Amino acid sequence: MSAVDDLKQFRQVLVGVRRECAAKGILRDADRADLAAGIKNAQDWIEAIDKAIEDEQKLAKLTS
């Protein structure tokens, strides 16, 4: 498995975390501030992973 594959799998996990936080946010007794922070953190990680995937793909092109 390549680094890009690993990053893509991790990204899928983070999307799931973001989705789970959003789903919990609609519950009546939800701590929305905490869940919003979780969504923001997951989104920040997703964006970082996207950048890492781009970097890995560029590096692969340079070395091939």
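Just above sits the structure.
Residues numbered from 1 in each chain as written. Predicted model: local features only at pLDDT ≥ 70, side-chain atom pairs only at ≥ 80, totals over all residues. Heavy atoms only, no water.

Draft legend 1. Representation of the packing of helix α1 (residues 3–25) against helix α2 (residues 32–63) within the structure. Close contact between α1 and α2 brings their axes to 9 Å; oriented N to C, the two are set at 165°. Here α2 runs roughly antiparallel to α1, going by the angle between their axes. Considering how the two elements wind past one another, α1 and α2 form a crossing that is left-handed. When the residues that make up the contact of α1 with α2 are grouped by side-chain class, the tally is 17 nonpolar, four polar and seven charged. (Axes fitted to C-alpha atoms, helices over the stretch in contact; angles between N-to-C directions. Helix = DSSP H or I, 4+ residues; strand = E, 2+ residues; numbered from the N terminus. Parallel < 35°, antiparallel > 145°, perpendicular 65-115°, else oblique. Left-handed = near helix turned anticlockwise from the far one by under 90°. Nonpolar A, V, L, I, M, F, W, Y, C, P; charged D, E, K, R; others polar.)

Draft legend 2. The packing of aromatic side chains, seen in detail. Taken as a whole and judged by the stated rule, the model has one aromatic pair. Between F10 and W45, the aromatic rings sit 6.1 Å apart at their centres with planes inclined by 75°, giving edge-to-face as the arrangement. Separated by 35 residues along the polypeptide, F10 in helix α1 and W45 in helix α2 bring together distant segments of the chain. With relative accessibility at 36%, the residue F10 sits in the partly exposed group. Residue W45 is classed as partly exposed on the basis of its relative accessible area of 48%. (Phe/Tyr/Trp six-rings, centres within 6.5 Å; stacked < 30°, edge-to-face > 60°. Buried < 20%, exposed > 50% of the residue type's maximum accessible area, 1.4 Å probe, protein only.)

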